[in-house]
Amino acid sequence: MIFVSKELKLVPGQKCHWIMPKKGDMKVDGIVFATEEIIADLEGTKALWQVKNVAHLPGILKASLAMPDIHEGYGFPIGGVAATDLETGVISPGGIGYDINCGVRLMISNLTKSDVDKHMDSLVETLFRKIPSGLGKTGAIKLSKSELSKVLTQGATWAVNKGYGWLEDLEHCEEQGCMAGASPKNVSDKAFSRGSAGLGTLGSGNHFIEVSYVEQVFDEEAAEVYGLFENQVVFWVHTGSRGFGHQVCTDYLQVMRRAVSKYGITLPDRQLDCAPTMSDEGKEYFSAMAAAANYAWANRQILAHYVREAAAETFGKSAQELGMHLLYDVAHNIGKIEEHQVNGRKQKVLVHRKGATRAFGPNHPEVPVKYREIGQPVLIPGDMGRASYILKGTEDAMRFSFGSACHGAGRALSRTQAKKEISVDELRDDLRRSGVIVRSATVKGLVEEAPEAYKDVDVVVEATCCAGLAEKVARVRPMGVIKG
Amino acid sequence: MADVVIQAHGECLEDVFAQMSEGMWFLMFEGAKIPNVCKWAIEVQGMDPEELLVNFLNEQIGFLEVEGLVVSQIEQIEIKKANGEFCLKSDVSGCHLSDLDVSPVIHVKAATFHELEVNPNYARVTFDV
């Protein structure tokens, strides 16, 4: 047993499962999927208290869940998952986050590390030139309100129809890159304004474009199905819905504040404000959230197109010739209506994933046909100095975590701490020595995202696999990074 | 969590709001001098002072993202309660991003309700950066 405080204790369940027994007004237990060491590292943060707070949400099912990359967030912990009953439960913008459908996509290629090594400087420069990054950088795409409305309902399909990418890309996106139920009429003018020039931009913070190579394959069969092989060069895109998603979240936090009073909901934290999912407020937020999710899918689709263009320019071959197919695109800040087994029966639930990745197991109908026998690819970016992972979803994830796994390494230092403790010159030298070339919109932005600012992704992934939420397919190492 | 907490003190609610705004812009530009080239008005509502402050700060973030406007000074600020809602009207001065030799050092994405505290002499806001 781990005593966090008199009011908060964790009891060991099966390996890497820690139960926070229901107490007081908690409606369900909490479950933290982690090792004892990961939990020890949470000391002094509010992350575990946030797991407890989430357990107060009306209609929450099974448990308030935390993935192994758990760290303190706003309202929900990052790495938090909560499924609520679709008919009687609530929807909470705090359980989805400000950057709605922040997510990652991974493109494979037929290039090997040795093909690319000598071109890395040029490739990174070309990527940096082509991809607008950092605060205030707008893209080349300026949209009218009516055209932006199409993006909000069509998502990645809009981008493909405009020539940004290939039709086959859509099949390999969660939700085929377009979430149903989006309604632009429930999006504020302010959000439209903030979204009008943000499409096709990377943004700042932890968003990145990364060139990596496959260092190790753990599961030959899955790797073959996913199109991965050792020394292969792959390309990551990590971004979300930019200012548009932030505005949607901000707008609806106010709606939810009023809804909490209207529906007599009592919560321990204002950032958990919510409304019954089937209320007018709940339905309107869901439709605006889906619109923001579609904006993010269109954004990643456009950025992936720029990455293909940069690679084609650098290597003098088309993206098709370079075999730059989309392996997969996953959301890790989102609310989804899904069907899951609860208390022995299948039911529709609303799954909040706040810094958590969908990890559906084999034979699930929502996994693309190509991967269905293996399970869904689960993309876990680490940090720019160490590694990232491609995992596969499991049957156990369906049972334990509503088909969810971790979403990254998780921060170890806040941005402020990172800036105090890390020197930018030393960081650049260290990265170059370890074979990673970095370009960043700002020097400070680079330091905030230094490897030391993150937990070791190996530890997080081991805990995820130990808990049964996913299985390792391949580990990749960074070669070049563009930071926002 | 991508976090920065700012605490502001003031002689009244209006002063606290103005101080918090100044703190946010100081954070973004690390204290670089922002010239007074233009003026514009900000008007927001909130059901309580907490929501009003968050809206006031997020409105400024929105102006930066959409119009490229950077606040140098809160020229005037007035908070009133009417029909159960708090209303804020403010005149601010500053410049356009293109008038500056410097770029923002930190991208403040949102003022949040996380551990938010607002009273007539003090406020504490966590910013998502």
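Keep in mind that what you see is a predicted model, and the values were worked out from it rather than measured. (Residues numbered from 1 in each chain as written. Chains lettered and ligands numbered in written order. Predicted model: local features only at pLDDT ≥ 70, side-chain atom pairs only at ≥ 80, totals over all residues. Heavy atoms only, no water.)

### Some words on the environment of A:Ile38
All names here are of chain A.
- Looking at the element boundaries, isoleucine 38 is found in helix H1 (residues 36–40).
- With 261 residues separating them along the chain, isoleucine 38 and asparagine 299 place their C-alpha atoms 33 Å apart.
- Residue contacts for isoleucine 38: discarding those within four places in its chain leaves Pro68, Val459, Val460 and Ala463. (Helix = DSSP H or I, 4+ residues; strand = E, 2+ residues; numbered from the N terminus. Contact = heavy atoms within 4.5 Å.)

### A closer look at helix H2 (residues 47–54) of chain A
Residues and elements named next belong to chain A.
- By the criterion of burial, H2 is predominantly enclosed, with seven of the eight residues buried.
- For H2, every residue scored as buried is listed here: Ala47, Leu48, Gln50, Val51, Lys52, Asn53 and Val54.
- Turning to H2, the residues buried within the fold contact strand S2 (9–12), strand S3 (17–20), strand S4 (29–33), H1, strand S5 (63–71) and strand S6 (78–85). (Buried < 20%, exposed > 50% of the residue type's maximum accessible area, 1.4 Å probe, protein only.)

### Looking at the pattern of salt bridges
All names here are of chain A.
- A full pass over the atoms with the stated rule returns 37 salt bridges over all chains.
- A salt bridge links arginine 475 to glutamate 215; its shortest N-O distance comes to 2.4 Å. You can see arginine 475 sitting in strand S20 (residues 470–483) and its partner glutamate 215 sitting in strand S9 (residues 208–217), a full 260 residues away along the chain.
- Taking the relative accessible area as the measure of exposure, arginine 475 reaches 12% and is therefore buried.
- Classification of glutamate 215 by relative accessible area gives partly exposed; the value is 29%.
- Measuring nitrogen to oxygen at the nearest pair gives 2.9 Å for the salt bridge that ties aspartate 458 to arginine 475. Placement of aspartate 458 in helix H16 (residues 457–466) and of arginine 475 in strand S20 is noted, with a sequence separation of 17 residues between them.
- Here aspartate 458 falls in the partly exposed class, since its relative accessible area comes to 22%. (Salt bridge = Lys/Arg side-chain N within 4 Å of Asp/Glu carboxyl O.)

So, to be careful, I would describe these as geometric facts and stop short of saying anything about function.
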